[in-house]
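As a plain string of letters, each chain reads:
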Amino acid sequence: MAVDLPDNVVVTKLDELVSWCRKHSLWPMPFATACCGIELMATGASRHDLARFGAEVFRFSPRQCDLMIVAGRVVMKMLPVLQRIWLQMHEPKWCISMGACASTGGVFDTYCVVQGIDRFLPVDMYVPGCPPRPEQLIQAIIDLQEKIQREGTMFGREFTAPERQKAKLALREEGRMRDEG
Amino acid sequence: MTDPATIAALKEAFPELGFSEFRGETRVVVPRSAVYPVLQTLKEKMAFDLLVDVTCVDYLHYRDAKDRFGLVYLLANAQTNERITVRTFVNDPESTVPSVVSLWKGADWLEREVWDVFGIRFSGHPDLRRILLPEEFTAHPLRKDYPLQGLGERHNFPVITRAES
């Protein structure tokens, strides 16, 4: 069946169109608890200019954000706050774990520092570094944009896919076993 | 520097105290029962109006140490710039020390902090709760017999998955 379309009409899938819109307007929630927060600010400032990637609108209310950037170590008194903020964010939402401390606890292998936020929260992108350079964070945001475009769906089916849940839960269980054993 | 007249007056009032000096700072070692009277005298008779800090040292496994904890009170006289350090040694079953909140209001949070991280109780404290650690914490982590990586407190949280959030 041939349909004649004018030159200014593009045909695509709705999922892809929605993902394309979403990936170019990420609104970060700066959960900055330590020195990574300074690099996060530098990333948002004029020299590195996060606006080039459509993610410059930092909001301090979780209700207005869809990308949480956890920048810095999270202690056990802060983790319930972090979880509550994550739950308050609207879907669809993503999470970047920025720096060694947020991802693994870093050098702070002590009684009060959570050894990686991914034990208790879903994380989409990890940024290595102590602290990471702004370029690294920008790369993570570009990678996250690719991920959103690649697997994003209008109603967020990619978040609840059972095979993804299974893999993540297995990974988490393995970490817990290692910790206890 | 502590005024020699202050030291002489303190020696006269409490003959049993041990005095020592290090780099111009005078240190008084006080038995646990005399902590409150000595601090009261310093506050009311010798005008040490500022309690700079209340802190503690755990001497577990420390070379030649006889007692477990050394409790330290740092005092200053804001009029004359005198400073004095009052120390007392306590051991575990009888580690309760009288609170000095009635002398210096500022002792409130300082004593709560010592209770929180060293587990030393202060009798007569108006509100001896944890100040830094979460309320559900049961240990006192700056004690030397507490493991650095804790007893699993840092893993004791609910897990939020993608499907739930």
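Everything numeric here is computed off the predicted structure, so don't read it as measured data. (Residues numbered from 1 in each chain as written. Chains lettered and ligands numbered in written order. Predicted model: local features only at pLDDT ≥ 70, side-chain atom pairs only at ≥ 80, totals over all residues.)

**Overview of the packing of helix α1 (residues 14–23) of chain A against helix α5 (residues 134–151) of chain A**
All names here are of chain A.
In step 1: Where α1 meets α5, the axes come as close as 8 Å, and the angle between the chain directions of the two elements is 165°. Relative to α5, α1 is oriented roughly antiparallel. Once α1 is placed against α5, the crossing between them reads as right-handed. Between α1, through Ser19, Trp20, Arg22 and Lys23, and α5, the contact on the second element is made entirely by Gln145, Ile148 and Gln149.
In step 2: Taken together, the residues that form the contact of α1 with α5 break down as two nonpolar, three polar and two charged. (Axes fitted to C-alpha atoms, helices over the stretch in contact; angles between N-to-C directions. Helix = DSSP H or I, 4+ residues; strand = E, 2+ residues; numbered from the N terminus. Parallel < 35°, antiparallel > 145°, perpendicular 65-115°, else oblique. Left-handed = near helix turned anticlockwise from the far one by under 90°. Contact = placed C-beta atoms within 7 Å. Nonpolar A, V, L, I, M, F, W, Y, C, P; charged D, E, K, R; others polar.)

**Things to note about the confidence of the model for chain B**
In step 1: Of all residues in chain B, 99% have pLDDT values of 70 or greater, and the mean over the chain is 90.
In step 2: No element of chain B has a lower mean pLDDT than helix α1 (residues 4–13) of chain B, at 87, and none a higher one than strand β3 (residues 50–58) of chain B, at 95. (pLDDT = per-residue confidence, 0-100.)

**Details of unusual backbone geometry**
In step 1: Cis rather than trans, the peptide bond between Glu91(A) and Pro92(A) has omega equal to 0°.
In step 2: For Pro92(A), the location among the structural elements is in the loop between α3 (79–88) and β3 (94–98).
In step 3: Looking along the chain, the bond that leaves Cys130(A) and enters Pro131(A) is cis, with omega of -15°.
In step 4: Inspection of the secondary structure puts Pro131(A) in the loop between β4 (125–127) and α5.
In step 5: Phi at Ala47(B) is positive, roughly 60°, even though this residue is not glycine.
In step 6: Along the polypeptide, Ala47(B) turns up in the loop between α2 (35–44) and β3.
In step 7: In the Ramachandran plot, His61(B) falls in the positive-phi region, its phi being about 65° despite a non-glycine side chain.
In step 8: Mapped onto the fold, His61(B) is located in the loop between β3 and β4 (69–76).

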